Amino acid sequence: MADSPSRSGVFQASTDKRLEAFAESISFDRRMYQQDIRGSIAHADMLSSVGLLTREEFSTIRDTLKEIESELDADQFPIRFELEDIHMHIEQALIDRIGDVGRKLHTARSRNDQVSTDVRMWVREALDTVDARLLELQRAFLSRCERDFDVVLPAYTHLQRAQPVIAPHYWMAYIEKLQRDRGRVADCRRRVNECSLGVAAVAGTTLPIDRDHTAKALEFDRPTANSLDTSSDRDFMLESAFVLSVIASHLSGWAEEWILWSTVEFDFIKMPQAFCTGSSIMPQKVNPDTLELTRGKSARVMGNLQTLMLLVKNLPLAYNRDLQEDKPPLFDSFDTVIASLELAIPIVEGSELRRESIASRLERGYLDATTLMEWMIRKGMPQRRAHHLVGAIVGEAMSREVPLSELPLDVMQSHAAEIDESVYEILGSRKAVEAFVSYGSSAPPQVRSQIDRWTKQLAAS
């Protein structure tokens, strides 16, 4: 059996089998076979266009690569660990089938620029998948807005009840977060979308290649500008891993919130049982395991970012074999985030707010206290004085175990003589919500406007 095509005639001994096992990456990089074949066909086409291959040789290479791709599609392609990676597997199969014509494919190309191009194409497609799933999740949250428009929820700070909001305001908070995620994905994709092919190993090539030809064929915006930088550059992978970490953080925060909301103590939401599990000993349990795993798997995604940062932090220019280790954490982050998004979509669509439970406890926590303070400010009272007096009024209501809306007027006036009967027009959580007026607030007209904006924006995406 021939040694790896990457070993030239300078070697007088075969590779130690232990090194073959230690150095192989075919176990994880075979998933890039479609990108490798597409890149190889584009490279061969370019070689033909500049006269380094005949059109007949190009056709033979292209057709044979397509045959190899079909075998890989059908999982009928033999794996040989001594060939290290998917790139050498495909090239060796090409050589085995068409001989010297196959050996011409690697003209003006190194595995350095070949691998970089393949990874860029793979990441580009994976980013597009992530963006599509983010859009679906945005639409899932938007689909809840109309049916939940009449539900008033407590908003929290420090995990303590703070002010009332209507449910669609909550849902659109996540739409906003996901939109920022989509913006980061799009921005990252622009930097990914430069073609490495043609920089060869490190310094370029003396052969008359056309890098613009290859970049255009592979739908890149442009070829990379510096061969030294390109050979070592993994910034696009680090940036992708960061973008995925932020998405994972958003999903984890959402999962945590709904885990709390699904408890008996909160009793805000009922999740689809298809995404819950039971207990091996407690028959009554319906556990939100999908959300717990979403929260837990976010740690892996963030850990992968740390792995990649440490991997490249002290590498000199240009290529170093350490960079073989960049793909497992990158692949894992994409797989984890895409799977988490795919599960989040039906959970958001299928969960039900427990309206009666929410309404029965809505007035606990004095959610309308800030609204009362601002009502007093509108009457001309300084904010600090109003803040102090409302605190005293809330203390009075707490001692009587009644909401502010049931506190007698004379009791409130004993703390602030400026208060009159009209105060009851803004007391109570639902009335407090209706009192909001600022842009971006939970005021129903503001929320309605935001729903209309997002309906149009997401329909156009």
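Preceding this paragraph is the structure being described.
The notes below deal with the structure included here.

1. Comments concerning the overall build of the protein
Logical step 1: The helix and strand inventory of the protein stands at 19 helices and six strands.
Logical step 2: Relative to the globule expectation of 23 Å for 461 residues, the C-alpha radius of gyration of the protein, 31 Å, shows a markedly less compact shape.
Logical step 3: Here the C-alpha coordinates of the protein stretch approximately 100 × 55 × 40 Å along the principal axes.
Logical step 4: Looking at the protein residue by residue over its 461 residues, the buried ones come to 50%.
Logical step 5: Intrachain contacts of the protein at a sequence separation of at least 6 include 75% that bridge at least 24 residues.
Logical step 6: Summed over its atoms, the accessible surface of the protein is roughly 21900 Å², and 52% of this surface lies on carbon and sulfur atoms.
Logical step 7: Looking at the protein, you have 55 positive and 70 negative side-chain charges, and the mean spots of the two groups are 2 Å apart.

2. Concerning empty space enclosed by the protein
Logical step 1: On inspection of all chains with the given rule, the structure shows two cavities of 30 Å³ or more.
Logical step 2: One number sums up the size of the largest cavity: a volume of about 60 Å³.
Logical step 3: Considering the residues around the largest cavity, the lining is formed by Leu137, Phe141, Tyr174, Lys177, Leu178, His250, Leu251 and Trp254.
Logical step 4: Those elements that place two or more of their residues in the lining of the largest cavity are helix H7 (111-147), helix H8 (167-192) and helix H11 (235-261).
Logical step 5: Looking at the lining of the largest cavity, its residues break down into six nonpolar, one polar and one charged.
Logical step 6: Taken as a whole, the second largest cavity encloses approximately 40 Å³ of empty space.
Logical step 7: Lining the second largest cavity we find Ala248, Leu251, Thr294, Lys297, Ser298, Val301, Thr336, Val337 and Ser340.
Logical step 8: Every element with two or more residues in the lining of the second largest cavity is listed here: H11, helix H12 (289-312) and helix H13 (327-350).
Logical step 9: For the lining of the second largest cavity, the element with the most residues is H12, which contributes four residues.
Logical step 10: Its residues placed into classes, the lining of the second largest cavity shows four nonpolar, four polar and one charged.

3. A short note on the pairing of strand S2 (residues 160-166)
Logical step 1: Sheet analysis places strand S1 (residues 152-157) next to S2, joined by six bridges and oriented antiparallel. Counted as the bridge partner of proline 154 is proline 164 from S2.
Logical step 2: Between the antiparallel neighbours S1 and S2 lie two residues, among them histidine 158 with a positive phi of about 60 degrees.

4. Regarding the environment of methionine 381
Logical step 1: Mapped onto the fold, methionine 381 is located in the loop between helix H15 (369-378) and helix H16 (383-400).
Logical step 2: Judged by its relative accessible area of 6%, methionine 381 falls in the buried class.
Logical step 3: Residues methionine 381 and valine 165, 216 residues apart in the sequence, show an inter-C-alpha distance of 25 Å.
Logical step 4: Dropping the residues within four chain positions of it, methionine 381 is found in contact with Met376, Ala386, Leu389, Ala416 and Glu418.

5. Section: the layout of surface pockets
Logical step 1: The computed volume of the largest pocket comes to approximately 310 Å³.
Logical step 2: Considering the residues around the largest pocket, the lining is formed by 15 residues, among which Ser262, Thr263, Ile269, Val286 and Arg354 are closest to the centre.
Logical step 3: For the lining of the largest pocket, the class distribution of residues is seven nonpolar, four polar and four charged.
Logical step 4: In this structure, the second largest pocket encloses a volume near 230 Å³.
Logical step 5: Lining of the second largest pocket is provided by 15 residues; of these, Asp85, Arg111, Val115, Tyr319 and Arg321 occupy positions nearest its centre.
Logical step 6: Counting residues per element, the lining of the second largest pocket draws most heavily on H7, at three residues.
Logical step 7: Within the lining of the second largest pocket, the residues separate by chemical class into three nonpolar, five polar and seven charged.

6. Section: the pattern of salt bridges
Logical step 1: One pass over the structure, following the stated rule, counts 37 salt bridges.
Logical step 2: Linking aspartate 335 and arginine 31 is a salt bridge whose minimum nitrogen-to-oxygen distance equals 2.9 Å. Placement of the pair is aspartate 335 in helix H13 and arginine 31 in the loop between helix H2 (26-29) and helix H3 (33-49), with a sequence separation of 304 residues.
Logical step 3: By relative accessible area, which is 35% here, aspartate 335 ends up partly exposed.
Logical step 4: Take arginine 31: its relative accessible area is 34%, and that puts it in the partly exposed class.
Logical step 5: One salt bridge in this structure joins aspartate 148 and arginine 144, with 3.1 Å as the shortest N-O distance.
Logical step 6: A relative accessible area of 3% places aspartate 148 in the buried class.

7. With respect to the packing of aromatic side chains
Logical step 1: Evaluation of the coordinates by the stated rule reveals 13 aromatic pairs.
Logical step 2: With a centroid separation of 5.3 Å and an interplanar angle of 10 degrees, the aromatic rings of phenylalanine 141 and tyrosine 174 are classed as stacked. Placement of the pair is phenylalanine 141 in helix H7 and tyrosine 174 in helix H8, with a sequence separation of 33 residues. Assigned by exposure class, phenylalanine 141 and tyrosine 174 land together as buried.
Logical step 3: A centroid spacing of 5.8 Å and a plane angle of 50 degrees characterise the contact between tyrosine 156 and phenylalanine 266, whose relative ring orientation is tilted. Residue tyrosine 156 is located in strand S1, and its partner phenylalanine 266 is located in the loop between H11 and strand S5 (269-270); the two are separated by 110 residues in the primary sequence.
Logical step 4: You can call tyrosine 156 partly exposed: its relative accessible area is 22%.
Logical step 5: Classification of phenylalanine 266 as buried rests on a relative accessible area of 17%.
Logical step 6: Chaining the aromatic ring pairs together yields one cluster made of Phe141, Tyr156, Tyr170, Trp171, Tyr174, Trp254, Trp258, Trp261, Phe266 and Phe268.

So, how was this worked out
- Residues numbered from 1 in each chain as written.
- Predicted model: local features only at pLDDT ≥ 70, side-chain atom pairs only at ≥ 80, totals over all residues.
- Heavy atoms only, no water.
- Helix = DSSP H or I, 4+ residues; strand = E, 2+ residues; numbered from the N terminus.
- Rg over C-alpha atoms; globule rule 2.2 N^0.38 Å.
- Buried < 20%, exposed > 50% of the residue type's maximum accessible area, 1.4 Å probe, protein only.
- Contact = heavy atoms within 4.5 Å.
- Areas by Shrake-Rupley, 256 points an atom, 1.4 Å probe, with all protein chains shown as cover.
- Lys, Arg positive; Asp, Glu negative; His and termini not counted.
- Charge placed at Lys NZ, Arg CZ, Asp CG, Glu CD.
- 1 Å grid on protein atoms, 1.4 Å probe; cavity = no way out; pocket = protein on both sides within 12 Å on 5 of 7 lines; lining within 4 Å.
- Points joined across faces, edges and corners; volume = space filled by probe spheres on them.
- Nonpolar A, V, L, I, M, F, W, Y, C, P; charged D, E, K, R; others polar.
- Pairing = 2+ DSSP bridges.
- Salt bridge = Lys/Arg side-chain N within 4 Å of Asp/Glu carboxyl O.
- Phe/Tyr/Trp six-rings, centres within 6.5 Å; stacked < 30°, edge-to-face > 60°.

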